Each structure stands twice: as C-alpha cells, then as structure tokens.
There are 2 protein chains.
Amino acid sequence: MSCRVPREGLRVDPVKVAVWGYGSMGSGMAKLIVGKPGTELVAIIDGDPAKVGKPGAGAVIVRNDPDRALAQTRPDVVLLATSSFVADVVAPIETALAAGAHVVTIAEEMSEPWAADAGLAERINQAARRAGRTVLGTGVNPGFILDTLIIALTGVCQDVRYIEAHRINDLSPYGPTVLRTQGVGATPEEFERGIRAGEIFGHIGFQQSLRLIARAVGWEMDEVKEERIPIVSRTRREARHVTIEPGQVAGCEHRAVASAGGRELIRLVHPQQVLPEAEGVQTEDFIHIEGTPEIKLTIRPEVPGGIATQAIAVNMIPKVLQARPGLATMAELPVPAAILGDIRSIASSVVSGGITR
Amino acid sequence: MSCRVPREGLRVDPVKVAVWGYGSMGSGMAKLIVGKPGTELVAIIDGDPAKVGKPGAGAVIVRNDPDRALAQTRPDVVLLATSSFVADVVAPIETALAAGAHVVTIAEEMSEPWAADAGLAERINQAARRAGRTVLGTGVNPGFILDTLIIALTGVCQDVRYIEAHRINDLSPYGPTVLRTQGVGATPEEFERGIRAGEIFGHIGFQQSLRLIARAVGWEMDEVKEERIPIVSRTRREARHVTIEPGQVAGCEHRAVASAGGRELIRLVHPQQVLPEAEGVQTEDFIHIEGTPEIKLTIRPEVPGGIATQAIAVNMIPKVLQARPGLATMAELPVPAAILGDIRSIASSVVSGGITR
C-alpha cells in the first residue's frame, strides 16, 4: 500500500480529462469539461464509425484507438460512459488505469459493483490500487437521489426504523432505446412478455442503491425483492419519440424492497413514464425516513436525470483526484459539490482530512 | 506527514468514547453512545459541581479532571460540547489530542474555524497532524442543513447562479439561555439594544456555512452582510419556558448574504422563534438552487435541531476514525450516515478510497 503525498498549494497544470463513450451523456460531459476553468479536454474516444474522425466538444477529434489516445494525451481522469454494466466496463477501466488515469464512470452497476459481480469488482479494486488511482461509479440515480442523498439524511438521525423513497420522473426527453427498456408503447401483454424475456427491465440501480445504503448504515439485508409494474395509460400521451394510446403502457413502475428477518427496511419506488402530468402525476423525488427524528424531504420537480448525471460525473473529479487509491463509492468520498471556480483550487483545498490554507 | 496504514478487516475492540460537556447536547450524545453496539462510553467530563461525582449515562460517573480522566480511559474519540466558540474549545481539543483521541465537537464556530480565527484554526490543524488524529466540527446547523446539504445538492448541477435557503424552526424546546440570545420575550426596543450590546445575536454559524459552501464550489466571496430582524408577535404565544404577549419579540430572523463584485451569490435566512405556527408559519428547511438544473428542496417539518445535532456528532465518529489527520470539515469527509449496526463494521468498511470486502 503506497501513501500519496498530499498536494499542498495550487496545482499549476490543468486537470486533463478524456471522455470515453461519446453518446448523449459523454458529449454532455465533454462540453462541461471544455467550459470549466482549470480543466482541459485532451481526448474523446468512441467506437461509432459515424463519429470517429470528426470534431467533438472543444474541436477535439473523436478517436477509436483508446490505448494510443490515452498514451499520447496522458489524461488525469477518464470519464467513461460506454455501458451500464460492470462486465462491459472492466476492460476500458483497466486500459485507463494502465495509462495512469483515474476513472469516473456513469455505468449504473459501477455505483456498487460488488452487487453485480464481486469478482470483477475486486479485480478493478486491485488494479486501481496497483496503479495508485481511484475508480468511482456515479450518476444521478444510482449515485445520488436514491442512495447518497438518503444516506446523508440518515446522518442526522439517532435511529432509523424504515426508509421509503420514490423518484417520479418523465421519460419524454429520452430516445427509443431507453423507452423500449421501460416498455413504453407496449400493450400490457407485450410488457409482461418483455419483462420475462429481459428486454424490458425498468431501472438499473436498485441493487446498487440498496447495498450502498445498507452498508453505509450497517444494516444486514437478507432479502431484496423487485417488482416491475406496467403503468397503463388512461389518456393519449404524445411525446417527441412516441405516442401512447389509452390502454398502452406509458412506462414501468419499478419497486425494490430490502428486508431482514422478514422486516422491511428499505423500499425504493421508481415509476418512469412518458408525460406523467397527463394523468395529474407530479414529478418529484421524495424521501421518508421513519426514525428519530422523522424526516420527509421533497424535491419538486425531480432532479432531471441526464443533466444531473453529466454534472455529478464531472463534479466528482476533484474528489477522485484526492481519494486514496482503489475502487470507491459515493458513500466514502466527500459530498459532491458543483465546480464553479477553477477546478485546481477546489482540488487543492483538501490535503489531509483537513484543509490547508 | 505520517501515513496511517488502513485497517483491514473488523476491528475487535469497541470504539471508546468520552463525552466532554454534559449539558443537554452532551448528555444526549452520551445516551446515544451507550445504546450503539460496538461503542463504549468510557468517560464523562463536566465542570458543573452539581453534576461532578454523580452517575451519567451508562452509570459512568461525571468527572472534573479532564487530563487524568482521558489518560486513564484512553478514548478513541472525544465528543466535545462545552461551548460554541473556537477560542473556548482550543484548550480542550489540545488536551484530547494529547491524550491520543480524535475530536468531534458541536461548537458552531468549529464547523469552519478559519472564519472565527485562522490562527487558532491552524494551531488546531497542526496539533491534530502531529498527534495523527482528526478534529471535526459538526452539528445540524452549521454542519448540515444550510451547508453540507446545500453543497451536496450543487453536486448534481452543471452550473449554479444563486443559492437561497431558509430554515424555519421552533424555539419552544429550548431553555432560557438560548431564548435570551434570540431576544425572545423582549420588547422591540430591548431587542435593538440587545443586538447592539451583543447580548442578542441570533444564529451562530452563518459565516461558517457560507465559507463552507463557497470553498466547496470554488466561489470567491468579497462581502458577507448579516441582518438580525426581530419577529414581533401579533398573538399570545405560550411555551414551556416563556410566554410572549402581542407586541413582544417571539424570536430573531437572522439573514446572511454573500456577494462577489456586487453580485449576490448565497442568501441564508434563519428565522428562529417560539411557536411559529401561532401565526400560521410552517416550520421547514428549504433550499433553492438557481442553476442548471434548478433544484427546490423542502424538508417539512424542519430537521429538529437538538436531536439531529446529537445524532450527527455521534454518526461522524466512523468517518473521523478513518480520516487523514488534521482539522477536517464536513465538506471533506464522507457523507454522514446513521449508525444502525455495529459501529466497528461501519468503521472498517472503508479502507482505501474504496472498500475492502
């Protein structure tokens, strides 16, 4: 185990960032990086032939040769947005670590990768430690609303008996791929078939959020149950990518419940649908902690998914730069914070569990 | 700068805690410690002759000999609840560090001690580093609602233009000392005289919260203005420790505004009064972030002050046990989390920026 010397004073060089995966999330993060003082977008990597060779954010050319791109540009951090799944991101993470970069990924399963594959998670953890770098999975959810924010709220509780939270959002801004995985536009029968076939799966992240919460507070869960219920529309709902007729599925209400010894501990509910307001449903994030004290928190409307996921991935860069090497989760790093000044001053302000001034 | 070896695996010994300052907050924290698996309350220290020699929480006898008490009981952590001010807690913090203990204090000014006295803060920072221990100031506010929670919310923002937050609470549970410092029961004229004389001062913590937020996001503030406005009652309000007649002061609306170059960045408003519902005012915590995205968060009713301050001080123990040595703030440590299982498993779960399993 090596010990990195804390950085005193202001870092002079800009923080060099590569974006790997140049879809909707990756391109949003790249634009953010270009606009943040103290950062430099040094590489964009994507496998899509339609994008390769063309200029992306900040006129950086999209490349399809990750090893060489990273070796030539030596990023401090790779922002990875290629897949939702641990199994898919192990290889790019190892490539980034080998090039000496920290990694922040929005792969949902990486917010708590042991849930999906403990072996792969440990492999990433060891690779990160050997490289002296940190790997973090984050995003708005999993990563913040239904886990980090809940954990933070329990921090002002003497005791907690039960946690219930829901996130009601609107799928209208999303494209055909996301809509399909939520069953949008299907008949109720097609929805059930899609669930059984694994083609409709609702939210990715409940297992991760539940484990993040349980471990942070020291709860042992012995059972997690998930349900996916079609939200059948009673009205006509017209969105950019889809029109839903009455009787068709407008989305998926995905629920997850964690219990111990038959006692329900945490219930997370995430109804995702197109245009919920068509039936008078207000979008919101809501957290109810039954404990001492009781806490009821509402964010209305909900924190919007795409914008916030891009933001939190970029905003965690200064935290990751200063973290101890290894595979980290949001529950172990300092609270996220917007980057509104030079990233170098933010990344230099914390040096030892305390502050140097 | 020494490098502490991360602790792998489960700690066997209980976490030994001393409570220094056995008033309302200290005794609440002591009771919490007695009830948490994996902790042991080893000492209670207080200077009040009415308490010394008598049993406190867990039948631990209250002592008035801090040096000997700490040397004999060797706590891992001292919970310090003797004063609101940095100048008052430097000596006990140094005593605790000299005895080898980490320190968590609810002294409001310690949530960002540089605001009150940069020299004393640096003295504490150096003492903590030499001792290889961590010192943290926390509480519900300052420490959470109007700073840590705001910072965390900005973490999902791409940009922030302006932050406004208020905390509307009820002073009824508080005793005569707190009520007096808020001007409760005074005439409007007495209130103004009390403010000028420094006997009525409203909330302690705005300077700290504003600096915590500004530094976390990288904002430079060049001006902070505070206002203290009497809340003159229009109704009769009857509480346990005070009865307020119409025309008398029910509390103090304390406001603080941070600006840069004439542009307002952060506005924090904290009206503290006895029985606000007597005039239809609902208690709540409210945070509005004008940015991308815009976020409006409401906690209703507000997180209650005393219970939550005791909770967060105890709940930060596992974070402090694993922090790098020095003077820390809530913005640099992992998000707080309730302790609902054995504190030793929580304190052992994070070892390297990541997790060991």
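Up top is the structure.
The text that follows walks through the structure, step by step, so that each part is easy to find. (Residues numbered from 1 in each chain as written. Chains lettered and ligands numbered in written order. Predicted model: local features only at pLDDT ≥ 70, side-chain atom pairs only at ≥ 80, totals over all residues. Heavy atoms only, no water.)

1. Considerations on the sheet that holds strand β6 (residues 134-137) of chain A
Residues and elements named next belong to chain A. If you trace the 7 strands from one edge of the open sheet to the other, you get β3-β2-β1-β4-β5-β6-β15, paired in parallel fashion. The open sheet has two free edges, formed respectively by β3 (62-63) and β15 (326-328), since each of these has just one partner strand. Sheet analysis places strand β2 (residues 39-45) next to β3, joined by 2 bridges and oriented parallel. Looking at β3, one finds that Ile 45 is bridged to Arg 63. Against the sheet, helix α3 (residues 86-98) engages β1 (15-20), β4 (77-80), β5 (102-105) and β6, with an angle of about 165° to β4. (Pairing = 2+ DSSP bridges. Helix = DSSP H or I, 4+ residues; strand = E, 2+ residues; numbered from the N terminus. Contact = heavy atoms within 4.5 Å. Axes fitted to C-alpha atoms, helices over the stretch in contact; angles between N-to-C directions.)

2. Some points on the sheet that holds strand β12 (residues 263-273) of chain A
As summarised here, the arrangement of the 12 strands in space is β8(A)-β11(A)-β12(A)-β7(A)-β13(A)-β14(A)-β14(B)-β13(B)-β7(B)-β12(B)-β11(B)-β8(B), forming an open sheet in which the pairing is mixed. Bordering the open sheet on either side are β8 (223-232) of chain A together with β8 (223-232) of chain B, each of which pairs with just one other strand. Going from strand to strand, the sheet's axes swing by 10° on average, the running direction of each strand aside. Sheet topology note: the strand β7 (residues 159-170) of chain A/β12(A) ladder contains 6 bridges and is parallel. Note on β12(A): the bridge partner recorded for His166(A) is Val269(A). Docked against the sheet, helix α9 (residues 206-217) of chain A engages β7, β8, β11 (249-260) and β12 of chain A, running at close to 145° with respect to β12(A). Packed on one face of the sheet, helix α7 (residues 188-197) of chain B meets β8 and β11 (249-260) of chain B and runs near 155° to β8(B).

3. Thoughts on the pattern of salt bridges
Residues and elements named next belong to chain A. If you walk through the whole model with that rule in mind, you get 33 salt bridges over all chains. Across the pair Arg 63 and Asp 65 runs a salt bridge, and its minimum N-O distance is 2.9 Å. What makes Asp 65 partly exposed here is its relative accessible area of 25%. In this structure, Arg 228 engages Glu 226 in a salt bridge whose closest nitrogen and oxygen atoms are separated by 3.6 Å. Judged by its relative accessible area of 30%, Glu 226 falls in the partly exposed class. Taken together, the shared-partner salt bridges in this structure form one network comprising Glu 112, Arg 211 and Arg 215. (Salt bridge = Lys/Arg side-chain N within 4 Å of Asp/Glu carboxyl O. Buried < 20%, exposed > 50% of the residue type's maximum accessible area, 1.4 Å probe, protein only.)

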